[in-house]
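# A structural walkthrough
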Amino acid sequence: MEKTPLAFRTHVSVFGNTNAGKSSLFNKLIGQEMMIVSAERGTTTDPVTKAMELIPYGPIALTDTAGLGDMTDIGAKRMEKTEKILEKTDFAIYAAPVDDFDETSYSEMKKQFEKKHIEHMLVFTKSDLGTGGLKEKYPDALFVSVFDDSSVESLRGALNKRLSELKTEDDTMIGGLLPAGSTIIMVVPIDSEAPKGRIILPQVQFLRDCLDHGMKTIVVRDTELEETLREQKNVDLVVTDSQAFKFVASVVPESIMLTSFSMMMASMKGDLSKLIAGADAIKDLKDGSKILMAEACTHNSSHEDIGRVKIPKLLQKYTGKKLEFDYYVHQDFPKDLSEYDLVIHCGGCMINSRSMNNRIEFCLENNVPITNYGVVLACVNGILDRSAKIFKK
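A brief look at the structure comes next. (Residues numbered from 1 in each chain as written. Predicted model: local features only at pLDDT ≥ 70, side-chain atom pairs only at ≥ 80, totals over all residues. Heavy atoms only, no water.)

Another point: the overall build of the protein. Across its full length, the protein holds 14 helices and 14 strands. Long-range pairs, those at least 24 residues apart, make up 73% of the contacts in the protein with a sequence separation of at least 6. Here the protein has roughly 19300 Å² of accessible surface; of this, 49% comes from carbon and sulfur atoms. (Helix = DSSP H or I, 4+ residues; strand = E, 2+ residues; numbered from the N terminus. Contact = heavy atoms within 4.5 Å. Areas by Shrake-Rupley, 256 points an atom, 1.4 Å probe, with all protein chains shown as cover.)

Take a look at the structure:
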C-alpha cells in the first residue's frame, strides 16, 4: 500500500459555527487551499476529508464540516452530514472566532463530544483581532490566526501532544494472537468478485500485518490448498475468504485453527464477541423477518456478490424462511432500526474502529442484534465455534 488507508488513520474533525474560520484553519493545517474561504456564511456545504501526515504523530484524516447554527432547510441537511462525522471522529477541534464566540453553541457541542466520548480542544480563530478576555476564562484554549504561522505551528504541536495521549488500540489483526515465526496460510479464491490484477483490501492488510509481526505467510487459491497443506509440516492458522468457508473447513484438519479475513477485520475494528452473540438471532428469524445488510463501501455487485446475493440465499436456505433484505452502503445507516430483526455488517475494512463500534452500540441500544458477513457464513456452515477459537486464546 502506498499510503495508509483512511480507515487506519486517526480521524480529526473541525467543528464550529458558520463563519468561524474552520475552512481557513483546515487549509492551514493541511498546507493546501482545499476549501473555499469566504466571508459569506455557509460556504462549506459538505464535509471534506483530507489524508495528511501530522509530523511526528503520523497519519491522520482531517475533516472540515459544515458550520453549525444554519437554521435554513438546506442547513438542516448539512447538519445531518455533520452529525454523521461525529460517528467516526477520534478527536475534535472546536473552532470559534474571538470576535463572535457563541458560548451556548460550544456548550451544546461539548455535550455531544462527551456523549460520544470524543476528546476535543477549543481553538479561538482570528486571534489577530485580539483575545477579548477569553484567555482568562478559557486558559486551556489555543489562539490562532491564519496570518500568524507561529500560532498555526503551536496548534500542530498541541494536536500532536493530544493525539499521542489518546488511548487507541493497536491496529492489528494478528498481533497478539500468534507469536512471531508462526506459519499462516491465506486462502484467496479468485472468482468474478475478485478485482482484476489485485487482491482485496482486507487481504492486503492482513498480509502486511503478518509481515509486520514476523509471521511466515503462504498465499494460495482454494484450488491449491490441499497440496499446500501436504507440503507444509507445521501450519498454525488458515485464514480464508469467508465465501470459501465450507470447502476450506472440509480440507483443513481440526488440529489447525481456521478463521476468515472478515472475522479478523471485525476483531480489530469492533467487539467480535458482540457480533458472534448477534448471530444467535438467526435461529429466531421467521417468515417476513427483515434484515439490514450494511456495507461500508460502494462497489458494483454481481451474481456472486456476498452481501446482496450469496448471504441472502444461504440464510433463506439455512432458516427455511422467506426473509426480507434492505441494503445500506458507505456512510448510510438508518436512524430508525425498529423495523429490523437483525443487522448483518460487512467486515468494515473501509471505516475506522470508532465508526464500527458506534454502529454496534447503536444497534444494541435499539435492541437489534448485529453480526457480520464472516460470522454469518461460519454460522450457516456449522463452524462458528471453530472459527472463533483463535480469538479466545
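Take the sheet that holds strand β7 (residues 183–187) next. Here we have 4 strands laid out as an open sheet, ordered β8-β7-β9-β10, and parallel in their pairing. A single partner strand is all that each edge strand has here, and the edge strands are β8 (216–220) and β10 (257–260). Strand after strand, the sheet turns through a mean of 20° between neighbouring axes, direction not considered. Strand direction decides the pairing type here: strand β9 (residues 237–240) and β10, joined by 4 bridges, are parallel. Residue L237 lies in a different strand from β10, and its bridge partner there is M257. (Pairing = 2+ DSSP bridges. Axes fitted to C-alpha atoms, helices over the stretch in contact; angles between N-to-C directions.)

A few words on the side chain of T65. If you trace the backbone, T65 turns up in the loop between β3 (58–64) and α2 (73–86). A polar atom in the side chain of T65 sits 2.7 Å from the backbone oxygen of V14. (Polar contact = N/O pair within 3.5 Å; in protein donor to acceptor, adjacent residues only side chain to side chain.)

A separate point is the nonpolar core. Counting residues in each nonpolar core, the largest one holds 78 residues, and the members touching the most others are I174, F206, V238, M264 and L315. Broken down by element, this core gets its largest block of residues, 7 residues, from helix α13 (residues 373–380). Those residues within four positions of M264 in sequence are excluded, and the remaining contacts are M173, I174, L177, F206, L237, V239, T259, I390 and F391. Judged by nonpolar contacts, the second largest core, of 22 residues, contains L25, A95, V152 and L155. (Core = buried A, V, L, I, M, F, W, Y, C linked by side-chain atoms within 4.5 Å. Buried < 20%, exposed > 50% of the residue type's maximum accessible area, 1.4 Å probe, protein only.)

Under the defined criterion, the tally for this structure stands at 18 salt bridges. The salt bridge partner of K283 is D284, with a shortest N-O separation of 3.8 Å. Residue K283 is classed as exposed on the basis of its relative accessible area of 58%. Exposure remark for D284: the relative accessible area of 46% places this residue in the partly exposed category. Residue E339 pairs with K290 through a salt bridge whose shortest N-O separation is 2.6 Å. Of this pair, E339 sits in the loop between β12 (324–329) and β13 (342–345) while K290 sits in strand β11 (residues 290–295), placing them 49 residues apart in sequence. Within the structure, one salt-bridge network assembled from shared partners comprises D271, K274 and E361. (Salt bridge = Lys/Arg side-chain N within 4 Å of Asp/Glu carboxyl O.)

Taken as a whole and assessed by the stated rule, the structure comprises 10 aromatic pairs. An angle of 50° between the planes, with centres 5.0 Å apart, marks the rings of Y94 and Y106 as tilted. Highlighted residues: Y94 in strand β4 (residues 91–97) and Y106 in helix α3 (residues 103–115), separated in sequence by 12 residues. Neither residue differs from the other here; Y94 and Y106 are each classed as buried. Counting every residue linked through ring pairs, the aromatic cluster contains Y94, F101, Y106, F124, Y138 and F143. Here the basic side chain of K135 rests over the ring of F143, its NZ or CZ set 5.6 Å away from the ring centre. (Phe/Tyr/Trp six-rings, centres within 6.5 Å; stacked < 30°, edge-to-face > 60°. Lys NZ or Arg CZ within 6 Å of the ring centre and 35° of its normal.)

For helix α12 (residues 353–365), with 13 residues, the first-to-last C-alpha span of 18 Å sits near the 18 Å given by 1.5 Å per residue. Within α12 the residues assigned to the buried category are R354, S355, M356, N358, R359, I360 and C363. Immediately beyond the C-terminal end of α12, within one or two residues, lies N367, with a positive phi of roughly 60°. (Expected span 1.5 Å × (residues − 1).)

Right, let's get into the environment of K110. Note on placement: K110 falls in helix α3. Relative accessible area serves as the criterion here: at 29%, K110 is assigned to the partly exposed category. Taking the C-alpha atoms as reference, K110 lies 8.9 Å from Y94; in sequence the two are 16 residues apart.

Right, let's get into unusual backbone geometry. Of all residues except glycine, most have a negative phi; of all peptide bonds, most are trans. In the segment running from I55 into P56, the intervening peptide bond is cis, with an omega of 10°. Along the polypeptide, P56 turns up in the loop between β2 (48–54) and β3. With a phi angle near 65°, N19 is a residue other than glycine that sits in the positive phi range. Here N19 shows up in the loop between β1 (10–15) and α1 (22–30). Look at N19 and you get partly exposed, because its relative accessible area is 28%. Positive phi outside glycine occurs at N367, with the angle close to 60°. Inspection of the secondary structure puts N367 in the loop between α12 and β14 (370–372).

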